[in-house]
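Residue-level structure breakdown
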Amino acid sequence: MKRIFLFLATNLAIVLVLSITMRLLGVEPYLTASGLNLSSLLIFAAVMGMGGSFISLAISKWSAKRMTGARVIETPETPGEAWLVETVRRQAQTAGIGMPEVAIFDSPDVNAFATGMSKNSALVAVSTGLLQAMNKDEAEAVLGHEISHVANGDMVTLALIQGVVNTFVMFLSRVIGHLVDKVVFKTERGQGPAFFVTMIIAEMVLGILASIIVMWFSRRREFIADSGGAALAGKGAMIAALERLKAQHEPAPLPDKMAAFGISGRVGSGLKRLFMTHPPLEERIEMLKQLRP
């Protein structure tokens, strides 16, 4: 319940900030008595779509820590924590990025994630379940996978793609609502109920189609991050880590904003595959086996 409240409060704060920004920019309302102001609508959609995505990215480390209860290792207290911090430090240097914050979150599931606004200001977190279930070589490969996400700039790129599709969804859904209201229902002044009903339905349908695009990109980046993990920790270690994940029960999902950058995600087939953040582990393992040593 606490995590749900935090999620809702965070999104409400984002909407309020963007609404204030719109007013400060002097953007006129996109709904007028005579119809739609397309210029104002485009600005509205871009500010809400792109702005919301990048504000979420900007506070991603803060929200990730609170949603998962991740504890940042300031000063290592155990040999395991010292190894974890040193391994991330070494991999970050090899990848040419700044030292990320390193954290542990309490969960029996075998998982890890990376998040952050930039390559030099990231957070890498692993679950207690992962540290218990994997040996050091496997855990090092998982860390390499997450460091590769950071080094490749996947968080920023995904935020950009999400912002672009959000913009188009918001813009097109309101245009469709306007056309249905004026052409089909013949509303002459202002907006009738058909505008709002159609807009909501169109936004839902377009949002689903947009998420397919975002999830496709996310799956592509997983293959690349696996290759990066293999380069940092060894091909055999990366394959072993994925094999270990395959042998575990399906992990509980990470919060939405971090799911794409976890080491594992929910599986699915048929239409469900279109909405998967991660490719099936079998495909990831096969891809790694085909890499040159």
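Going by the structure above, here's the rest.
Residues numbered from 1 in each chain as written. Predicted model: local features only at pLDDT ≥ 70, side-chain atom pairs only at ≥ 80, totals over all residues. Heavy atoms only, no water.

**Structural notes on unusual backbone geometry**
Spelled out, the test is: Helix and strand definitions follow DSSP, with helices as H or I runs of at least four residues and strands as E runs of at least two, each counted in order from the N terminus. Each residue's exposure class comes from its accessible area (1.4 Å probe, protein chains only) as a fraction of the maximum for that residue type: buried when under 20%, exposed when over 50%, partly exposed otherwise.
With phi around 60°, Lys186 is a residue other than glycine that occupies positive phi space. Relative to the assigned elements, Lys186 resides in the loop between α7 (154–184) and α8 (193–233). The class of Lys186 is exposed, set by a relative accessible area of 59%.

**Some points on the packing of α8 against helix α11 (residues 281–289)**
Cut-off, in case you're wondering: Every axis in this analysis is a line fitted to C-alpha atoms, fitted for helices over the stretch in contact. Angles between the N-to-C directions lie between 0 and 180 degrees. Working definition: roughly parallel below 35 degrees, roughly antiparallel above 145 degrees, roughly perpendicular at 65 to 115 degrees, and oblique for all remaining angles. Handedness of a helix crossing follows the sense of rotation of the near helix relative to the far helix, less than a right angle counterclockwise being left-handed and clockwise being right-handed. Contacts were defined at the residue level, with two residues in contact if any of their heavy atoms lie within 4.5 Å. When residues are sorted by character, Ala, Val, Leu, Ile, Met, Phe, Trp, Tyr, Cys and Pro go into the nonpolar class, Asp, Glu, Lys and Arg into the charged class, and all the rest, Gly among them, into the polar class.
At a minimum axis separation of 10 Å, α8 and α11 run at an interaxial angle of 50°. Put simply, α8 runs oblique to α11. In this structure, α8 meets α11 at a crossing whose hand is right-handed. Contacts between α8 and α11 involve Glu222, Phe223, Asp226, Ser227 and Ala230 from the first element and Glu283, Arg284, Met287 and Leu288 from the second. Across the contact of α8 with α11, the residue classes break down as four nonpolar, one polar and four charged.

**Notes on the packing of aromatic side chains**
We count it as follows: In this scheme Phe, Tyr and Trp rings, the latter by its six-membered ring, pair at centre separations within 6.5 Å, and the angle between planes marks the pair as stacked below 30 degrees, edge-to-face above 60, and tilted otherwise.
A full pass over the atoms with the stated rule returns two aromatic pairs. Plain terms: the ring middles of Phe105 and Phe113 are 5.5 Å apart, the flat faces sit at 40° to each other, and that makes the pair tilted. Comparing Phe105 with Phe113 shows no difference in burial state: the two are buried. Seen from their ring centres, Phe195 and Phe196 are 5.0 Å apart, and the 85° between their planes marks the pair as edge-to-face. For Phe195, a relative accessible area of 1% puts it in the buried group. With relative accessibility at 39%, the residue Phe196 sits in the partly exposed group.

**Some remarks on the nonpolar core**
Note the threshold: For this analysis, a nonpolar core means a set of buried residues of the types Ala, Val, Leu, Ile, Met, Phe, Trp, Tyr and Cys, connected via side-chain atoms within 4.5 Å.
Formed by 38 residues in total, the largest nonpolar core has its most connected members in Leu84, Val126, Leu130, Met134, Met238, Leu242 and Leu288. The element that contributes the greatest number of residues to this core is helix α6 (residues 136–151), accounting for seven residues. Ignoring anything within four residues of it in the chain, the contact list for Met134 reads Val110, Ala139, Val142, Ala241, Arg244 and Leu245. Within the second largest apolar cluster, 11 residues are counted, among which are Ala45, Met48, Val175 and Phe195.

**Looking at α7**
In an α-helix, one turn spans 3.6 residues; hence positions three or four apart end up facing the same way. Heads up, the rule is: A helix is expected to span 1.5 Å for every residue after the first.
Counted at 1.5 Å a residue, the expected span for α7 with its 31 residues is 45 Å, and the 43 Å between its end C-alpha atoms agrees. Following α7 by one or two positions, Lys186 adopts a phi angle in the positive range, close to 60°.

**Topic: the packing of helix α2 (residues 38–58) against α7**
Contact geometry for α2 and α7: axes closest at 8 Å, N-to-C directions at 150°. Viewed along their axes, α2 and α7 adopt a mutual orientation that is roughly antiparallel. In the packing of α2 onto α7, the handedness of the crossing is right-handed. Looking at the contact of α2 with α7 residue by residue, the classes come out as 18 nonpolar, six polar and one charged.

Everything listed here is a matter of coordinates, which is why it stays silent on function.
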